[in-house]
Amino acid sequence: MSMSEDNSKPIIKNEDSFGPIGAPVFEPRLYIQRYCYVKQELAKHNVKSVVDFGSAECKISRFLVQIPTVERIALVDLDKKLLEQHMYSVRPLTTDYLNRKDVTTDVDIYHGSVTDLDKCIVGFEAVSMVEIIEHLVSDVLSAAVTMVFGQLQPRVVVVTTPNSDFNVLFPNFSGFRHWDHKFEWSQEEFKEWCDRVASRYGYSVDYGGVGLPPEGSEHLGMCSQAATFVRQREYVQPCSSSTRDCYELIAHTCYPCKEKSSLSEEEQFLMENFPREQWFQTYSGWLVYYHT
């Protein structure tokens, strides 16, 4: 199955697992696989609203808007200049007008921090944190966890981060994958952190990832490891003292939905399933159709 057939199930080019310098090669590119993974996980839970922290170039929005049930998306990042450079990229494309969802989807871009609970995101059902936690120093990461899991309390949280076990597959490699990474966790370290967070805040957690290792290296795990948290306890409305008006709206756009049809369910069925039939509704209310 190709990506064009199902974007939620990325493929790997197994016949060429290594590039010319000996490093693993991923197809589709790893960031696309991450976004597909997030979309797939959130779609399982039929979420209606998503906050993505660390949105940077806002590329993930193209994947989040594809979730059939999503009506609101908030893209949040600390880099205001980067958000302004890419704010037009979230606008609907021609295909979004031709292939409309059943619901409209509002997309807002905010300049803000993952440690601050702004009133504009209170009540959002889901959070995605794609390759962001490794950029946070310890105290900031703790504050982010408190805000997301303890105050915002989304129904679903999807987190991805580099898997340091995989790094041995990169030739002549030392240190971290990016200059700004404050840490990179092994599979065991990531699981220990996720289990602590889930236990403390009343979430269940399932593990996954993207970026398959080459044959014979399966024990190293995925290149990017992932965890999906699902809230198990009742939602508690955040107190007013914990919310702020601190996010700055950078841009807003809206994806259109299908126009409401005046046809009955039977008429819609015939229109969708018998495109070559000509049909009409008689005075008695029954549908009659005939071949041309």
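Worth saying up front: this structure is predicted, and the values here are computed from it rather than measured.

Novice: Could you clarify how one ought to interpret the packing of aromatic side chains in this entry?
Specialist: For any two aromatic rings, the description comes down to two numbers: the centre-to-centre distance and the angle of the planes. A complete count under the given rule lists 13 aromatic pairs for this structure. Ring geometry for tyrosine 110 versus tyrosine 247: centroids 5.9 Å apart, planes at 45 degrees, classification tilted. In this pair, tyrosine 110 is assigned in strand β3 (residues 105–111) and tyrosine 247 in the loop between β7 (224–231) and β8 (248–255), connecting sequence segments 137 residues apart. An identical accessibility class is assigned to tyrosine 110 and tyrosine 247; each is buried. Measuring from centroid to centroid gives 5.0 Å for phenylalanine 149 and phenylalanine 229, while their planes differ by 70 degrees, and the two rings are edge-to-face. Of this pair, phenylalanine 149 sits in helix α5 (residues 138–152) while phenylalanine 229 sits in strand β7; the two residues are 80 residues apart in sequence, bridging distant segments of the chain.

Novice: Help me understand the confidence of the model for the protein chain in this model?
Specialist: Detailed reading of the predicted coordinates is not advisable wherever pLDDT falls low. On average, residues of the protein chain score 87 in pLDDT, and 83% of them are at 70 or above. Per-residue pLDDT stays below 50 along residues 1–18; that stretch engages in 35 contacts with residues further than four places along the chain or on separate chains. This model gives residues 281–292 a pLDDT under 50, and the stretch forms 22 contacts once residues within four places in sequence are excluded.

Novice: I tried to follow the state of the cysteines on my own but got confused; where do I start?
Specialist: What the rule picks out here adds up to zero disulfides. Take cysteine 246: it sits in no disulfide, and the sulfur closest to it among the cysteines is that of cysteine 120, at 7.9 Å. Judged by its relative accessible area of 26%, cysteine 246 falls in the partly exposed class. As a non-bridged cysteine, cysteine 254 has cysteine 257 as the owner of its nearest cysteine sulfur, 7.9 Å distant.

Novice: What is the right way to read the nonpolar core from this model?
Specialist: Within soluble globular proteins, side chains that are nonpolar generally end up buried alongside one another. Within the largest apolar cluster, 38 residues are counted, with the highest numbers of intra-cluster contacts made by Leu42, Leu64, Leu75 and Ile109. Those elements that provide at least two residues to this core are α1 (30–44), α2 (61–64), β2 (72–77), β3, β4 (126–130), β5 (156–162) and β8. Among the elements that take part in this core, α1 stands out by supplying six residues, more than any other. Core analysis: the next-biggest nonpolar cluster, separate from the first, contains 37 residues, Val114, Ile121, Trp185 and Phe190 among them.

The rules behind each value
Residues numbered from 1 in each chain as written. Predicted model: local features only at pLDDT ≥ 70, side-chain atom pairs only at ≥ 80, totals over all residues. Heavy atoms only, no water. Phe/Tyr/Trp six-rings, centres within 6.5 Å; stacked < 30°, edge-to-face > 60°. Helix = DSSP H or I, 4+ residues; strand = E, 2+ residues; numbered from the N terminus. Buried < 20%, exposed > 50% of the residue type's maximum accessible area, 1.4 Å probe, protein only. pLDDT = per-residue confidence, 0-100. Contact = heavy atoms within 4.5 Å. Disulfide = S-S within 2.5 Å. Core = buried A, V, L, I, M, F, W, Y, C linked by side-chain atoms within 4.5 Å.

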